[in-house]
Amino acid sequence: MSMQETTQKSALLKRNKKFALLAPGVIWMMLFLVVPLCMMIYVSFWTQTTFSISSDLTLKSWKTFFASETYFGALIRTIRLWLIVLFLTFIIGYPAALFIGQFVRNKTTQTVLLVACVIPFWTSFLIRVLAWRPMLGKEGAINIVLQKFGLIDAPIEVLLFTELSVVIGMVQIYVVFMVGPIAFMLARIDQSLIEAARDLGASSWTIFRKIIFPLSLPGVVVGAIFVSVMVLGEFATASALSGRKVNLLGNIIVTQVGSLKWAFAAVIGVVLTAVMAVVITLLLRVVDLRKEL
Amino acid sequence: MMELEGLTKFYGETCALRGVSLTIEDDEYLTLLGPSGSGKSTLLRLIAGLEQPDSGSIRLNGEDIASLPPHRRGLGIVQQNYALFPHMTVFENVAFGLRWREENPVTEEAEITKRVDAMLDLVGLSGFENRGVGQISGGQKQRVSLARTLVTEPRVCLLDEPLGALDANLRERMTLELRRIRDTLGVTFMHVTGNEHEALGMGDRMIVLDGGAAVMIAPPEQVFDRPQTVRVAQVLNAYNILQGRVHEGRFDHAGSMLPLPPNSEGAMHYAIRFDAATLVPPDDPTALIRATFITSEFTGGGVTYFLRGPDGVFEVERHLSRADPQVYKGGQELGISWAATDALAFDSDGELIVSSNMRGAA
């Protein structure tokens, strides 16, 4: 190797040294995300028989998925529940975030309140979900209290082991992921903007509509992405609070993997991944995060 | 006409404003000068209604507006950081007040466009309508902020250090622009600044605020020539202020006997303008005090010399149109001389002692 080549090579190395910082992340993600993802797509075309699986390519699993009432229904149900949970976490989370981000002016108090939001996460996911049972059950806390006060005669049965209980459980768990990013964006809004708008004669509602909400939109989008990704892949809350009556895509994957139906599980995995990709793309369309953050 | 009377504001234990009273005329350029912490922003925020006074009243044309919310006061405030809405274009920013104000908003799009365009034209920003506010320079942001306020036709426009964030070149241009815009619209400007040049150069009248009190309200020439108190002279940053006492008709400052203007028996403070003093050789008969040369600063049109006097730093300004710059060495002994008629004397309360033969005296 000539002298010149060596210097050229070392210059090239020097210029690109910064990319070395990416290496651990890239390698990790390649091994444990990209490769498995490709594998999943590949396996979804394998031939599944009752007890075994072979690598002969076929569309059979895909056809079954879209033809079956159960499986396609689960996709629709997943999307419906996701939309309901997303809507509720937004409706419940935004006012809380507005309070923390705009009306609490003390940074320390803001932090304390945000930390308070994640206190439920100090217990395990399973306990949080299962704790809803004695709360919502036929002889659960809510029914007992309502009956004691004479507000109802018979216990409300719809509270547990229904879609409603799944929604209640999910909203409770995921609302904090909506509050956090929105409160963060709201806290960043310069108070002088609001003063300026007020000075220009705008009412509080107009200021909210025209200044505060648009400026908090990136937080809403980030929060919505968090909630969406988690809700779309959910299975634990659904199985624990619906008594296995509400089957989401996640639940079906669990069942299929449990019965060693790898090809079919892979199909649902691919569908779920595609749904998430579409959802995230649409959410990112709402706001240009690159510009806003 | 707007009258402020006895405006007082506390932040906890600290008194930010103590009983400020003043009258703001229609169609005038008022500057408010004060060092940082003197309460000038507080005063502005009280007038604008962004904060409530603890006591005192604000009347606009006889009507008490102290309890009115900001937008009912017919005032506009241009904030120090411009406070432009980052998610809107220049046009939308300027149109905001017209379009979204609670009381009689302009609903006709053509009318909004007409008025916004006229205002952008006045501030020299035609053609920038569709720019995002992140795509314009500091000076342009300043103009957008001004246009946004002026388009709503306030009776008084409050400007909080409007030139503070601009570079010197731009500041000079905006100084002229602000005066031109004000003259065109005939609206009263109240311009808050910590810069004495700005306050002196721009205002029809100026208010000097110190320690939360209005210590002088007068036309700039008068403030500059005859500062009412020794604090005003200090804030102006144009006076050497010497301490001492009167002894046998002269002012004894650390042993130097300085000539006094007539009738200034009780003088405790003595002030001489930077540009009224001249440097002379130390043994010159006109030398009033002796000082050691420290350094000099070339300011383009002149030179400012810094000397160590008997009691603190003494500044002498020399305008180059009058003479060539003199070069001195650090540590060199020099004498400083001035005319007795240029000196100002202040009594023990810091009040100016008015003497009959004083320059510019009424």
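What counts, and at which threshold
Residues numbered from 1 in each chain as written. Chains lettered and ligands numbered in written order. Predicted model: local features only at pLDDT ≥ 70, side-chain atom pairs only at ≥ 80, totals over all residues. Heavy atoms only, no water. Helix = DSSP H or I, 4+ residues; strand = E, 2+ residues; numbered from the N terminus. Buried < 20%, exposed > 50% of the residue type's maximum accessible area, 1.4 Å probe, protein only. Contact = heavy atoms within 4.5 Å. Areas by Shrake-Rupley, 256 points an atom, 1.4 Å probe, with all protein chains shown as cover. Lys, Arg positive; Asp, Glu negative; His and termini not counted. Charge placed at Lys NZ, Arg CZ, Asp CG, Glu CD. UniProt positions renumbered as here; feature names shortened; annotations may be inferred. Pairing = 2+ DSSP bridges. Buried area = accessible area lost by both parts, 1.4 Å probe. Salt bridge = Lys/Arg side-chain N within 4 Å of Asp/Glu carboxyl O. Polar contact = N/O pair within 3.5 Å; in protein donor to acceptor, adjacent residues only side chain to side chain. Nonpolar A, V, L, I, M, F, W, Y, C, P; charged D, E, K, R; others polar.

Peer 1: Residues and numbers for the overall build of chain B, please.
Peer 2: Along chain B, the regular secondary structure elements total 8 helices and 21 strands. Along the three orthogonal principal directions, the C-alpha set of chain B runs to about 80 × 45 × 40 Å. The buried share of chain B, taken over its 362 residues, is 51%. Within chain B, contacts between residues at least 6 apart in sequence are counted, and of these 63% link residues at least 24 apart. By element, 47% of the accessible surface of chain B is carried by carbon and sulfur atoms, the whole surface being about 15800 Å². In chain B, which carries 33 positive and 49 negative side-chain charges, the distance between the mean positions of the two groups comes to 3 Å.

Peer 1: I'd like a rundown of the UniProt feature "transmembrane region" (unreviewed entry) in chain A, residues and numbers included.
Peer 2: Per the UniProt record, "transmembrane region" (unreviewed entry) is annotated on residues 21–45, 79–100, 112–131, 164–186, 207–232 and 262–284 of chain A. With 100% helix and 0% strand, residues 262–284 of chain A has its two end C-alpha atoms placed 32 Å apart.

Peer 1: I'd like to hear about the pairing of strand β8 (residues 188–193) of chain B, residue by residue, with values.
Peer 2: All names here are of chain B. Counting buried positions along β8 gives 6 out of 6 residues, so the element sits mostly inside the fold. Side-chain alternation along β8 places Thr188, Met190 and Val192 on one buried face and Phe189, His191 and Thr193 on a second face that is also buried. Across 5 bridges, strand β3 (residues 29–33) lies against β8 in parallel orientation. Following the sheet pairing, Leu32 is matched in β8 by Val192. Of the pairings in the sheet, the one linking strand β7 (residues 156–160) to β8 comprises 5 bridges and is parallel in character. Counterpart to Leu159 in the pairing with β8 is His191.

Peer 1: Describe the UniProt feature "domain: ABC transmembrane type-1" (unreviewed entry) in chain A, naming the residues involved and giving the relevant values.
Peer 2: If you check UniProt for "domain: ABC transmembrane type-1" (unreviewed entry), the listed places come out as residues 75–283 of chain A in our numbering. Across residues 75–283 of chain A, the secondary structure splits into 78% helix and 0% strand, with the terminal C-alpha atoms separated by 19 Å.

Peer 1: Please give an account of the interface of chain A and chain B that cites residues and values.
Peer 2: Facing the 18 residues of chain A at the interface are 23 residues of chain B. Summing both partners gives a buried area of about 1800 Å² for chain A against chain B, and 65% of it is carried by carbon and sulfur. The interface formed by chain A and chain B includes 1 salt bridge. Residues Glu195 of chain A and Arg45 of chain B are paired through a salt bridge, measuring 2.6 Å at the closest nitrogen-oxygen approach. Run the count over chain A and chain B and you get 7 residue pairs in polar contact (both at pLDDT 80 or more). Residue assignment for the side of chain A that touches chain B shows that the elements contributing at least two residues are α10 (191–199) and α11 (204–232) of chain A. If one sorts the elements of the side of chain A that touches chain B by residue count, α10 of chain A sits on top with 7 residues. Here the side of chain A that touches chain B is composed, by residue class, of 8 nonpolar, 4 polar and 6 charged.

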